[in-house]
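Architecture and fold: a report
Residues per chain, in single letters:
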Amino acid sequence: MMGVRFPGLSDETWLAVDGKRKELEGWLFDAKHATYGLSLLRVLYGLLVMGLLGVNFAERQYIWGVGSRWLQPLVGEGGFTRPFTLFSENSPALFTATYLLMGFVALLFTLGWRTRLVTPVLLVLWVSLTQQNPLVTDAGDVVVRLILLYLCFADLSAHWSLDARRRTRAAAQPGRARRIALPPGWENLFHNAAVIAVACQVFIIYVSSAMFKIQGSLWENGTAIYYPMHMHSYDAFPMLNGMLSNHVSTVFVATYASVFLQLFFPFLLLTRPTRILALVGIMGMHVGIGILMALPFFSLSMIGADVIFVRDRTFARVESKTKPLLRGVRKGRNRDKNAYREREFAKEQGDGPDAHESVLIYDGDCGFCQRTLDAMKKRLATWPRTAPYQRLNLDQYGVSSQDAARAMLWMEPGRPPLAGAAAFAQLFRDQPQLRWRTLGRMMALPGISHFGAIVYRTVSRHRHQLPGGTSACKSPLAAR
Amino acid sequence: MECSPVRQAPAIEKQLRETVFRRSAWVRGAAIILALALSFHFAATALWVSPAAPLYDALAPVLTPYMQPFFQQGWSLFAPNPYQGDHTFLLRARLTDRSTGQLRTSDWVDVTRREWSGILHNPLHPRSDLYTDGLYSILNDDRDNLIDKQASICERDYSHSGWDQLLADLSAQKGADPDWLESYVRHERVAAAFATQYAYALWGPDVEAVQIRIGYTPVPNFEDRAGQDAQPTSVFTSFGWRPTVVFDGQSQKYFAEAVQGGHR
């Protein structure tokens, strides 16, 4: 490619153009995009289908089955033919069987089992069912129909799926047969094209919807959302809707925000701060529509599509923060019990702490501290080796006596010391009971840990005024 | 980082091979074809969902077969203006009294009001609670497109002369679009088929004819929202008596179960 040059183009221009081309090719062929977003979309749409089948189960024959043949001429107007006629047989039993099968397929889709095969099957079932009643179809049916088609070309199982688990296990056993797959370049291309297609479809929905709205006088004068909130067919919670739509400013802001968020949606995605605004705003709008206008399934269909615009790195960050927490809750119990036994055993073996085991260092002059620790020791199942800093050779831990006087320290070999609230968090995390472990893990979360540090500092500053406290207890922090 | 060319060379070679493999001429060609296909698809979609435009009219013969049925969509949601009132659907029936053979007329039943009770406090209501909202829409949209003379024909009794006569009488008026009128009568028959089933469910099999009327009750204007005493007045549009309609495969049992068993 580099050999071809256009006359009149400088080398710099050509290099810039060629660089863009390479960038674009890299985006298309080298990796799959929005893998987390599409996995979440899969879960949400799976739940949507199961939810819809669930709430309509009792009236399924009245809505889509033999009880609904009175609207057959309208079904004809829709124009759907095979293969989208799976629900048009006149046998109630066959209809129910297909209905239940569809619920099962939706469950498999949610769990991410063989998604490449299950997705088109779910699409055909979805269209077959919803086209059977065009009178009470809602916009969400159309959204799911269109987006499921694009999703047939994407990899929906990268995360949180049985497919992903199977692939991980297969990779651990190299002897097992490889899965059938397109070459990576092709697979990535189709996946990314599907992402683009979903995005374009969402843009068309929002922008076209806003363009219709800006023609309306009620959207222009900022009162439009008041009206559907007071129509009985949308108004599930009249008290709530009455309160929310009473104030002219609330109604005005909500009306204008819905128009502008939709109209400018594609452009707001271009930079990170505006993207956050757009996604939080539009998802908030849909939560509002779902509850206040009683359109939960339509709302979910849009929220599901919106999540593809959250970047993989954001999801990965959230996942890395929450995964240890979840894994701990699930598997931690046995592991921690074993660790507890080992520690107890080690404690019986020798006296006096050494630098090879964990130790909780506190201020031995502080009556309040001593009382607090004693009280906790009574309540907690496992208790670490504790030692007042006054009786320790702090040099072997690499901390100063000032550090130790300022806050309780959790020392673990090979790890930086944990001070104050973080030391408490570690103490809780070492407990065999789930409730304490969960508390400890939550205390270590960003935000909460900062808050905890502030609380610790505040208590510490006033510890000489607290029960058990003497003036000897006065923290060096109190002077500041 | 320490650079050891001997050790890195195979890795680089492998990476290069993979990159070249990923970007073969075939896959690049496929990318161009996909780009063209998606461009066409979304250009067509954008035009299809746009407010009416001369360009749309010009391209409709190409667009329609492509977009329908699978890509059929429209996104004028609550727009240009949202509805500003409640839609109701009422029906009554002419019944034969079995003992005397006399005809009697039932009271009006407000089906919509029964459906509302299912929506109240339950956003997860079955979608059949919006049946009459849908029926109102198709009937009202159709009626709006009729000229005055045709509208008055719709109010006449066709329970004996039937649907073909209704279509013939409507078509006899000047300025009638035959396709439109056919669709109008089709929709009226759907509404009558619903009313027939409903009447069977409420009053049993002795239904001779059904009649429908649709009502519109405005929500108070935003400016008048505080006004407690101003009871909004409903506007009704009536349709004349129609013969009962039952389409092939219709199960009266399942319809009646839903009407009697549920909150309807």
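Residues numbered from 1 in each chain as written. Chains lettered and ligands numbered in written order. Predicted model: local features only at pLDDT ≥ 70, side-chain atom pairs only at ≥ 80, totals over all residues. Heavy atoms only, no water.

1. Examining the side chain of S159(B)
Residue and element names in this part refer to chain B.
- On the secondary structure map, S159 appears in the loop between α6 (148–154) and α7 (162–171).
- The class for S159 is buried, based on a relative accessible area of 11%.
- Among the polar contacts made by the side chain of S159, one reaches the side chain of R94 at a distance of 3.5 Å.
- Non-local contacts of S159, meaning those with residues more than four positions away in its chain, are made with R94, A209, W241, R242 and P243. (Helix = DSSP H or I, 4+ residues; strand = E, 2+ residues; numbered from the N terminus. Buried < 20%, exposed > 50% of the residue type's maximum accessible area, 1.4 Å probe, protein only. Polar contact = N/O pair within 3.5 Å; in protein donor to acceptor, adjacent residues only side chain to side chain. Contact = heavy atoms within 4.5 Å.)

2. Here's the deal with the confidence of the model for chain A
- For chain A, the mean per-residue pLDDT works out to 86, and 88% of the residues sit at or above 70.
- Confidence drops under a pLDDT of 50 for residues 349–353 of chain A, and excluding neighbours within four residues, the segment shows 6 contacts in the predicted structure. (pLDDT = per-residue confidence, 0-100.)

3. Structural notes on the confidence of the model for chain B
- This prediction gives chain B a mean pLDDT of 87; 89% of its residues lie at or above 70.
- At the level of individual helices and strands, chain B shows its lowest average pLDDT in helix α1 (residues 5–22) of chain B, which scores 57, and its highest in strand β6 (residues 242–243) of chain B, which scores 96.

4. Observations regarding empty space enclosed by the protein
- Tallied over the entire structure, the rule returns 2 cavities of 30 Å³ or more.
- The calculated volume of the largest cavity comes to roughly 40 Å³.
- As for the largest cavity, its lining consists of L139(B), E188(B), A191(B), I212(B), F239(B), G240(B) and R242(B).
- A class-by-class count of the residues in the lining of the largest cavity yields 4 nonpolar, 1 polar and 2 charged.
- By volume, the second largest cavity amounts to about 30 Å³.
- Around the second largest cavity sit L48(A), L52(A), W126(A), D138(A), G140(A), D141(A), V144(A), F297(A), S301(A) and R127(B), which together line it.
- Residue assignment for the lining of the second largest cavity shows that the elements contributing at least two residues are α2 (35–55), α7 (139–151) and α15 (296–306) of chain A.
- Per-element tally for the lining of the second largest cavity: the top contributor is α7(A), with 3 residues.
- In the lining of the second largest cavity, the residues fall into 5 nonpolar, 2 polar and 3 charged. (1 Å grid on protein atoms, 1.4 Å probe; cavity = no way out; pocket = protein on both sides within 12 Å on 5 of 7 lines; lining within 4 Å. Points joined across faces, edges and corners; volume = space filled by probe spheres on them. Nonpolar A, V, L, I, M, F, W, Y, C, P; charged D, E, K, R; others polar.)

5. Some thoughts on the sheet that holds strand β3 (residues 409–411) of chain A
Residues and elements named next belong to chain A.
- The 4 strands are arranged β2-β1-β3-β4 in an open sheet whose pairing can be described as mixed. At either margin of the open sheet sits one strand with a lone partner, and together these are β2 (386–388) and β4 (418–419).
- Where strand β1 (residues 359–362) meets β3, 3 bridges bridge the pair, whose relative direction is antiparallel. Looking at β3, one finds that V359 is bridged to M411. (Pairing = 2+ DSSP bridges.)

6. Regarding the nonpolar core
- If you look at the biggest cluster of nonpolar residues, it comprises 145 residues, and the most contacted ones within it are W70(A), I147(A), F89(B) and F194(B).
- Considering each element in turn, this core owes the most residues, 13 residues, to helix α8 (residues 178–203) of chain B.
- Contact partners of I147(A), with chain neighbours within four places excluded, come to L41(A), Y45(A), V198(A), Q201(A), V202(A) and A305(A). (Core = buried A, V, L, I, M, F, W, Y, C linked by side-chain atoms within 4.5 Å.)

7. Side note on the domain arrangement of chain A
- For chain A, the assigned domains are domain 1 (21–165 + 183–213) and domain 2 (358–479).
- Placing the centre of domain 1 of chain A and that of domain 2 of chain A at their C-alpha centroids yields a distance of 54 Å. (Domains from an automatic or database assignment.)

8. Some words on the pattern of salt bridges
- Using the criterion set out here, one finds 16 salt bridges over all chains in the structure.
- For the salt bridge of R186(B) with E77(A), the shortest nitrogen-to-oxygen distance reads 2.9 Å. In this pair, R186(B) is assigned in helix α8 and E77(A) in helix α4 (residues 72–78), connecting two distinct chains.
- Judged by relative accessible area, R186(B) falls into the partly exposed class, the value being 29%.
- Residues D157(B) and R94(B) are paired through a salt bridge, measuring 3.2 Å at the closest nitrogen-oxygen approach. Taken together, the positions of D157(B) in the loop between α6 and α7 and R94(B) in strand β1 (residues 85–96) put the pair 63 residues apart, joining distant regions of the chain.
- According to the relative accessible area criterion, R94(B) is buried, its value standing at 17%.
- In the salt-bridge network here, residues are joined through shared partners; they are D18(A), R21(A), K22(A), E25(A) and R28(B). (Salt bridge = Lys/Arg side-chain N within 4 Å of Asp/Glu carboxyl O.)

9. A few points about helix α2 (residues 25–49) of chain B
- Here α2(B) spans 36 Å end to end across 25 residues, near enough to the 36 Å set by a 1.5 Å rise per residue.
- For α2(B), the full list of buried residues reads V27(B), A30(B), A31(B), L34(B), H41(B), F42(B), A44(B), T45(B), L47(B), W48(B) and V49(B). (Expected span 1.5 Å × (residues − 1).)

10. Regarding a positive patch on the surface
All names here are of chain A.
- Together, R272, R311, R313, R317 and K321 line one region of the surface with positive charge.
- With 3 residues, helix α16 (residues 312–349) is the largest single contributor of residues to the positive patch.
- As for its placement among the helices and strands, R272 is situated in helix α14 (residues 272–292).
- On the basis of relative accessible area, R272 is assigned to the partly exposed category, the value being 43%. (Patch = residues over 30% accessible without salt bridge, like charges linked within 9 Å, V, L, I, M, F, W, Y side chains within 5 Å. Areas by Shrake-Rupley, 256 points an atom, 1.4 Å probe, with all protein chains shown as cover. Lys, Arg positive; Asp, Glu negative; His and termini not counted. Charge placed at Lys NZ, Arg CZ, Asp CG, Glu CD.)

11. As for the state of the cysteines
Residue and element names in this part refer to chain A.
- The tally for this structure, following the rule as stated, stands at 1 disulfide over all chains.
- Here C366 engages in a disulfide with C369; their sulfurs sit 2.3 Å apart. Taking the sign of the S-S torsion, 80 degrees for the link of C366 and C369, the bridge is right-handed.
- Given the relative accessible area of 15%, C369 is considered buried.
- We note that C200 lacks a disulfide partner, and the nearest cysteine sulfur, in C152, lies 17 Å from it.
- Take C200: its relative accessible area is 25%, and that puts it in the partly exposed class. (Disulfide = S-S within 2.5 Å.)

12. Focus on the environment of P134(A)
Residue and element names in this part refer to chain A.
- Locating P134 in the fold gives a position in the loop between α6 (115–130) and α7.
- By relative accessible area, which is 32% here, P134 ends up partly exposed.
- In this structure, the C-alpha to C-alpha distance between P134 and G79, residues 55 residues apart in sequence, is 11 Å.
- Residues contacting P134, with those up to four places away along its chain left out, are L71, L74 and V75.

13. What to know about the interface of chain A and chain B
- Contacts between the two partners involve 94 residues from chain A and, on the opposite side, 72 residues from chain B.
- Taking both partners together, chain A and chain B bury about 7400 Å²; carbon and sulfur atoms supply 69% of that area.
- Looking at the side of chain A facing chain B, the largest losses of area belong to Y62(A), W70(A) and F212(A), adding up to 12% of the total buried there.
- Taken together, the connections running from chain A to chain B amount to 3 salt bridges.
- Where chain A packs against chain B, one counts 28 residue pairs in polar contact (both at pLDDT 80 or more).
- Here the side of chain A that touches chain B takes 15 residues from helix α9 (residues 184–213) of chain A, the largest share from any one element. (Buried area = accessible area lost by both parts, 1.4 Å probe.)

14. Structural notes on the packing of aromatic side chains
- Applying the stated criterion to the full structure yields 38 aromatic pairs over all chains.
- Consider the rings of Y206(A) and F265(A), whose centres lie 4.8 Å apart with planes at 65 degrees: the pair is edge-to-face. Residue Y206(A) is located in helix α9, and its partner F265(A) is located in helix α13 (residues 265–268); the two are separated by 59 residues in the primary sequence.
- Ring pairs connect the aromatic residues Y62(A), W70(A), F89(B), Y131(B), F194(B), Y198(B) and F255(B), which therefore count as one cluster.
- Lying across the ring of Y254(B), K253(B) places its NZ or CZ 4.1 Å from the centre. (Phe/Tyr/Trp six-rings, centres within 6.5 Å; stacked < 30°, edge-to-face > 60°. Lys NZ or Arg CZ within 6 Å of the ring centre and 35° of its normal.)

15. Remarks on the side chain of T45(B)
- Tracing the backbone through its elements, the reader meets T45(B) in helix α2.
- Here T45(B) falls in the buried class, since its relative accessible area comes to 0%.

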